[in-house]
Every structure is written in structure tokens, then in C-alpha cells.
Amino acid sequence: MAELRRFIIRRLITFVPTLIGVTFIVYLIAAVVPANPARLWAGGQKANQQVVEMLIKEYHLNQPFYIQYYYFMKGFLENTMVSPVTGYKVWHEIKVYMPVTVQLTLISFVFIVLIGIPLGIISALKKDTWIDATIRVIALLGVSVPIFWLAYLLIFLFFTKLGWITLSGTPTPPYSITGIPLIDSILKLDWRTFAEVIKRYWLPALVLAYPGIGVIARLVRNTFLDALGSDFVDYIDARGLPRNQMYRHVLKNAMVPIVTVLGLQFGGLLAGAPITETIFGLPGIGRFMLTSIYSSDYLSMVGGVFVIALIYMTVNLIVDILYAVIDPRVRY
Amino acid sequence: MRCKDPIIVVKDLYVNFYTYAGVVKAINGVSFEICRGETYCLVGETGCGKSVTSRALTRLIKSPGRIEKGEIYFYPEPGKKIDIMKLSDEEIRKIRGYDIAYIFQDPSASLDPLYTIGYHVAETMAFHGVVQSIKEGIKKAAQVLRLAKMPDPESRVRAFPHELSGGMKQRAVIGMSLANRPKLLIADEPTTALDVTIQAQIMNFLKELKEKENLTLLLITHNMGLVAEMCDTVAVMYAGEIVEEAPVEELFKNPLHPYTRGLMRAVPKHVGKNVTLESIPGTVPNLIFPPPGCRFHPRCPYRFDPCDKKRPPLIEIEKNHKVACWLYAKEGGKR
């Protein structure tokens, strides 16, 4: 246990340089784009020169980009950094938009686990039958179909034709514990809100999850078959253990690589969120970052990047801990 | 009948493997019996079908392999006869690991890396009803490991396979195989993957154990030294057939089959003397297209007329000494 704590502390310390690196690179890319951000923020062509100069002074735009970066990070972390476009503090924006993205990615992730893993197992158990072939085609499509194309197709079906879904607004319950309605409704056992959240999110989450489902189904199939072919399975048979017990061993062995990839898939979900949110009209952090880019509000954008990087690193830290829980050969 | 009280009787066993390259006729009409309490050895080169034969005894042949035909009878007690080929999957499962236990060649590959040694022992007992639950089994696991002479068994129960040395892993596997007090122990090259020093320890221990536990041992090996030390009766296999079977002294004193003689000459006897070891010319035949007649004839220095046409029957030349070779069959006696 002491080992585990040391490992977590060590990993948390590495968060700092990683976060600085990620935000610095993104900031650099945004800052070197030849544009006059102060003028854009002040209103473009008709901008008042006085306002432009105020903005330049306020955001240190006449200084080298690394000094700008320093002031940005300082302001951001002290929660004094105000978006020059929206006029809100960057953290405030994140707090408003983040819950939507968290709900979307969480539901997506649940879909990946609940659909991808069983599909892979069924595929492995029915190896070389038509069931296996069908699942493999579904999985292959998931990996290769662009999600925006699939999204519009499904919107046409479920929104235009069937009218089962809505494409605007998100359910917000009157109470707030974590700020995320999905989790709050579970904590409060408020199943009506929960159902509303699911109703709004299931299709975008499914679309977002589809590539991940494809990857996981293929991986589970292969690792399951691999584990099924191990020598220890022969010895389980030779000891006369029942089938269920054998599958238990096989599944646990197959889980080791799957958990790793699930962690990476979470990153894929976060990366796919801007497109999905935009298409399905979900006011999430991904869409917020996209609009920030359109309005050259790279301060808000880097703020979003910061939070997304933080989530991604946390998920992968959890994956690494799980990895060692499953596989005793892994040492911290 | 060689045995008054056999524990297992195999008659005319055929096993094929259906591969993409063709049908591998891995076991071609093997018959033998093992007497209760003896150590019976199967010897032969790699790929001659020793392991397949031993696994066929409890129908542990996985697809693409199939037991084509043959009879296998198991006598858990004298006079009580079980027809292995007629059992349901569930019934045969109950025999595996309970009445008939296995030790495989590579102990590292026999253990699931994600579970402790104690769990392995416990599940082996629990699913055969020897203990009520895996939890209870883990409590009793140390006792079982002590029987297998595992050093410091209490702490080994909680150890994972990768934390043990090869020899200790094999002791753990032996412990698992003995956990349910089997009547027949099938040891498939149990020491091949281990150091020489550990080999001796394990073999001595098996010998000791056999006497103490009243076990019958089927030992599969290609090590003639082990055969001499351990076995009561030896069957020599070649390309999926038993070519000679004899009590161990008889076989070493008077090997009859040309293949057995070749095997004997390929074993170094005098350490230090500058003698060249003889090898048997040629290679093991491809069992998709086995040679017609006697499967050994292409490599045999004594081959003559009927060898490449007709398969020699396994006939008894002297008491309990059987050989399948036309050299002896022709006159029905000695050459």
C-alpha cells in the first residue's frame, strides 16, 4: 500500500510538467498565428483604438509569447483570467460547459464497455461463424466510419423521421451536488432527471462511442482468443475444472491489455467530443473550444485544453492503478 | 493380459489431427495397459505421440485433434470398470484432476499468472468437492504444498507464480495434482524444463511419493537415464505406435527393436572416454504421409521384404516383452 501511495504521488508530480508542456505548446501555436487578437477582440474592423490598446496592455500582447503565456497561466490558476470575448472568467466558462462533456464522455464510455466487451467475447466464443463475421464487420465499420457522417445519418433517422430525440437544450435539475446532472440524479435517486439525461445524450454518446466500440470489440476478441490458447487453459482442463471457471481465468487474463486500451479510448472520446457536441447541439467544453477558436479567444481555448489534459491524465493514472490490481506482475 | 489388476487399459487407440496441411495420423493403433501401483514409462523422440497418448487417456484432445477410435477402460478400484469413451463431458471432467491427475512439462505454462498458488490448489480441490469453498481450500493449501515438499508452504500460498523458481513452480503443480489424492498420476516430462539438480530432487520426490501415496505413475520422458531409475515397465513409441514394451531391466539388457537399440546407443554411457555417440540416421517421418508398413522402415538398417508393405504386429517374444518388428515376427521367435 505504501508502494501504491508513492506511485500515485510520483505520478501526480509528473502531472505538473505535462500540463505545462501541453498548454505551452497549444498556446505557442495559437500565439504565432499572424493575427491581431486585440483588434479582433475589440470588434474587428470597427474596433475602437483605445479599447485595442487597453486590451494589449491587459493581456501583455506587446510582449514575447512566453511572457504572455506566463501571465496567462498565472491569471488562469489564480482565477483572475477573464475571457476577452465573453467577458466571463475562464474557469467560470469551464464550470458551465464541462458537465455536458463529462456526461457525454461518461455515457459513451459506458457504451464502449457494455457493448464493446460483450461483442468481443461473443465474437471469440463463436469464432469463425456468421455471428463472428457480423460482429467483425460492425467493429471494422466502427473503426473506419467518420463519426460526423454517421451522426447525420442517425439524426436523419431518429430526429427527422422518428422524432425520438431532441437536438437542443440539456436537462438541468434544480439541485446541484457535483454540478453534473447525471451523477447528481443518481446520488439523489432522481430517476426522472436521470431518464431525461439519458434521453438527451444516448444518441450522441453512441455515435461518439462507436469507433471505441469497434476498437474494443476487436481487441477483446483477439486477447480472449489469445488467453484461450494459453497453456494454463490446457492445465485447467486437465484438472477437471468446469467451463465457467476456465472462462473466469481467461477473461481476467484478457482484461490486462483491454484496460490499457480503455484508458486510451477515453482520450479518443474527449478528442471526438467537439465534433459530436457541435453536431448534436450540446453546449459542452468541446463546442466551447471550437467557438473560442473561431473568435480567436485562445485564452479560453487553452483553459479548455488544460482541463481536458487533466482529465485524460487522471483517467490514465486510474488505468495504471487498475492494471496493477489485475496483474500482480506489475510493480509500481 | 499383462496385469492381474490393471488401472487403465487402452485398446487400439487412433488419434488424428485435422490440420490445414492434411490429416496427421498422430496415434496409430496403440494398445497397452498399466498395472495398479507400477511406474509405466512411455519413451520416444519428440513428436512420437507420447503426450497425445497420455492426454487421450482422459480425452484431453482438443480440436483439431480427435480420438478416431479405440477403447479406454479405467479401473479406479480393482474390478470397477469405467468406459472412458462412453462418459459424458461432465463425467469425464470429474475424473480429470480427481482420479487421474496430470503434471505437464513446463510448470510456468501450467499456472495462471494472475492467481496465487493457494488459489490454484484451492480451486482444484473445490471443484471436485474435496473442500466446500475456495476460501476453505486456500486454508488447506499449505498442507497440500507441504506434501509436495514446498519450502515454507504457508507463505507460498499467497505467492504468485512469477515469484517462484521453476523447481518451486513444479512443486506447486505437483501439489495441485496431488491435492485430490489421485489414483493415477500422469507426469508428462515433468523435469524437462528444469535444472538438472532440481530434476533429481523432483524425481526422487515423485518416487518417494509414489510409495507413500500408493500411486500409479505414468511417466513420459525421452531421458533413458530417468527410465532406468524410475520405471517398472517401459513402452517405446515411434511415430505414433508402440514398437516395444518390456520390464525395464529386460529392455536395457535385451533391446529387440532396431529403434530401441538405436535409442540405447544414442545415450552416453562412459563419461570421459572419447567415444562418439551414435545417432539414428534419418528423421522422424511426416505423419500426414506416414511410411507404409512399419513406420520405422525408412530408417531401419535391418529392413527387408515385408517391412515397407505390412505393418508388423506387436507380439510377445518373451514373458511381458513385446515387440513390433518383422525380424521377430517372421519366425515367431528370436532372430
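Please refer to the structure placed before this passage.
Residues numbered from 1 in each chain as written. Chains lettered and ligands numbered in written order. Predicted model: local features only at pLDDT ≥ 70, side-chain atom pairs only at ≥ 80, totals over all residues. Heavy atoms only, no water.

Draft legend 1. Highlighting the overall build of chain B. Within chain B one finds 12 helices and 12 strands. Its C-alpha atoms give chain B a radius of gyration of 21 Å, within 12% of the compact-globule value 20 Å for 335 residues. Considered along the principal axes of its C-alpha atoms, chain B spans approximately 65 × 55 × 45 Å. Looking at chain B residue by residue over its 335 residues, the buried ones come to 57%. Counting only contacts in chain B whose residues sit at least 6 apart along the sequence, the fraction spanning at least 24 positions is 64%. For chain B, the accessible area works out to roughly 15,000 Å², and carbon and sulfur atoms hold 53% of it. The distance from the centre of the 47 positive side-chain charges to the centre of the 39 negative ones in chain B is 1 Å. (Helix = DSSP H or I, 4+ residues; strand = E, 2+ residues; numbered from the N terminus. Rg over C-alpha atoms; globule rule 2.2 N^0.38 Å. Buried < 20%, exposed > 50% of the residue type's maximum accessible area, 1.4 Å probe, protein only. Contact = heavy atoms within 4.5 Å. Areas by Shrake-Rupley, 256 points an atom, 1.4 Å probe, with all protein chains shown as cover. Lys, Arg positive; Asp, Glu negative; His and termini not counted. Charge placed at Lys NZ, Arg CZ, Asp CG, Glu CD.)

Draft legend 2. Representation of the state of the cysteines in the model. Residue and element names in this part refer to chain B. The final tally for this structure, using the stated rule, is two disulfides over all chains. Between the sulfur atoms of Cys3 and its disulfide partner Cys35 the distance amounts to 2.0 Å. Judged by the sign of its S-S torsion, about -75 degrees, the cystine formed by Cys3 and Cys35 is left-handed. In this pair, Cys3 sits in the segment before β1 (6–19) while Cys35 sits in strand β2 (residues 22–35), placing the two residues 32 residues apart along the sequence. Considered together, Cys3 and Cys35 belong to a single accessibility category, that of buried residues. At a sulfur-sulfur separation of 1.5 Å, the disulfide partner of Cys41 is Cys231. (Disulfide = S-S within 2.5 Å.)

Draft legend 3. Layout of the environment of Pro113 of chain B. Checked against the element boundaries, Pro113 of chain B lands in the loop between α3 (107–110) and α4 (117–126). Separated by 50 residues in sequence, Pro113 of chain B and Glu163 of chain B have C-alpha atoms that sit 9.8 Å apart. Those residues in contact with Pro113 of chain B, other than ones at most four positions away along the chain, are Phe232, Asn253, Pro328 and Arg329 of chain A together with Phe160 and Pro161 of chain B.

Draft legend 4. Representation of the packing of aromatic side chains in the model. Using the criterion set out here, one finds 24 aromatic pairs over all chains in the structure. Ring geometry for Phe65 of chain A versus Tyr66 of chain A: centroids 5.7 Å apart, planes at 80 degrees, classification edge-to-face. You can call Phe65 of chain A partly exposed: its relative accessible area is 27%. Aromatic pair Phe224 of chain A and Tyr247 of chain A: ring centres 6.2 Å apart, planes at 25 degrees, arrangement stacked. Taken as a pair, Phe224 of chain A in helix α9 (residues 191–228) and Tyr247 of chain A in helix α11 (residues 243–279) lie far apart in primary sequence, 23 residues in all. Residue classification places Tyr247 of chain A among the partly exposed residues on the basis of a relative accessible area of 24%. Grouped by ring-pair contacts, the aromatic residues Phe24, Tyr27, Phe65, Tyr66, Tyr69, Phe72, Phe76, Trp91, Tyr298 and Phe306 of chain A constitute a single cluster. When the ring centre of Phe104 of chain B is taken as origin, the NZ or CZ atom of Arg55 of chain B, which lies over that ring, is 4.1 Å away. (Phe/Tyr/Trp six-rings, centres within 6.5 Å; stacked < 30°, edge-to-face > 60°. Lys NZ or Arg CZ within 6 Å of the ring centre and 35° of its normal.)

Draft legend 5. Fine view of the sheet that holds β2 of chain B. All names here are of chain B. The antiparallel open sheet is built from four strands, whose spatial order is β2-β1-β4-β5. At either margin of the open sheet sits one strand with a lone partner, and together these are β2 and β5 (80–83). On average, each strand axis in the sheet is inclined to that of its neighbour by 15 degrees, with strand direction left out of account. Bridging between β1 and β2 involves 11 bridges; their strand directions are antiparallel. The partner of Thr19 across the bridge, within β2, is Gly22. (Pairing = 2+ DSSP bridges. Axes fitted to C-alpha atoms, helices over the stretch in contact; angles between N-to-C directions.)

Draft legend 6. Main features of the nonpolar core. Formed by 99 residues in total, the largest nonpolar core has its most connected members in Ile8, Leu57, Tyr102 and Val121 of chain B. Sequence-distant contacts of Ile8 of chain B, that is, excluding residues within four places in its chain, are made with Phe32, Glu33, Ile34, Leu57, Ile72, Tyr73, Phe74, Tyr75, Ile100 and Leu184 of chain B. Grouped together as the second largest cluster of nonpolar side chains are 93 residues, Ile94, Leu104, Ile180 and Met246 of chain A included. (Core = buried A, V, L, I, M, F, W, Y, C linked by side-chain atoms within 4.5 Å.)

Draft legend 7. Spatial organisation of the side chain of Thr101 of chain A. Within the secondary structure, Thr101 of chain A sits in helix α5 (residues 90–125). Apart from the residues within four sequence positions on either side, Thr101 of chain A is in contact with Leu270, Ala273, Glu277, Gly284, Ile285 and Gly286 of chain A.

Draft legend 8. Structural detail: the pairing of strand β4 (residues 65–77) of chain B. Residue and element names in this part refer to chain B. Of the pairings in the sheet, the one linking β1 to β4 comprises eight bridges and is antiparallel in character. When the bridges of β4 are listed, Asn16 appears paired with Arg66. Bridge count between β4 and β5: three bridges; the pairing is antiparallel. For Glu77, the partnering residue across the bridge sits in β5 and is Lys80. Linking β4 to β5, which pair antiparallel, is a turn of two residues; within it Gly79 sits at a positive phi near 90 degrees.

Draft legend 9. Examining the interface of chain B and chain A more closely. Counting residues at the interface gives 29 residues for chain B and 23 residues for chain A. Buried surface at the junction of chain B and chain A, summed over both partners, amounts to about 2,300 Å²; 58% is from carbon and sulfur atoms. On the chain B side of the contact with chain A, Lys62, Leu114 and Tyr115 of chain B bury the most area, a combined 25% of that side's loss. Across the contact surface, chain B and chain A share three salt bridges. With its nearest N and O atoms 3.2 Å apart, the salt bridge here joins Glu123 of chain B to Arg239 of chain A. The interface formed by chain B and chain A contains 14 residue pairs in polar contact (both at pLDDT 80 or more). Mapped by element, the contributors of at least two residues to the side of chain B that touches chain A are β6 (100–103), α3, α4 and α7 (166–178) of chain B. With four residues, the top contributor of residues to the side of chain B that touches chain A is α4 of chain B. When grouped by side-chain class, the residues that make up the side of chain B that touches chain A number 15 nonpolar, seven polar and seven charged. (Buried area = accessible area lost by both parts, 1.4 Å probe. Salt bridge = Lys/Arg side-chain N within 4 Å of Asp/Glu carboxyl O. Polar contact = N/O pair within 3.5 Å; in protein donor to acceptor, adjacent residues only side chain to side chain. Nonpolar A, V, L, I, M, F, W, Y, C, P; charged D, E, K, R; others polar.)

Draft legend 10. Region of interest: the sheet that holds strand β11 (residues 315–318) of chain B. Residues and elements named next belong to chain B. Strand order across the open sheet formed by eight strands is β6-β7-β8-β3-β9-β10-β12-β11, with mixed pairing between neighbours. Each having just a single partner strand, β6 and β11 make up the two edges of the open sheet. Averaged over neighbouring strand pairs, the angle between their axes works out to 20 degrees when direction is ignored. Bridge count between strand β3 (residues 39–43) and strand β8 (residues 216–221): five bridges; the pairing is parallel. Residue pairing across strands places Val43 opposite Thr221, the latter belonging to β8.

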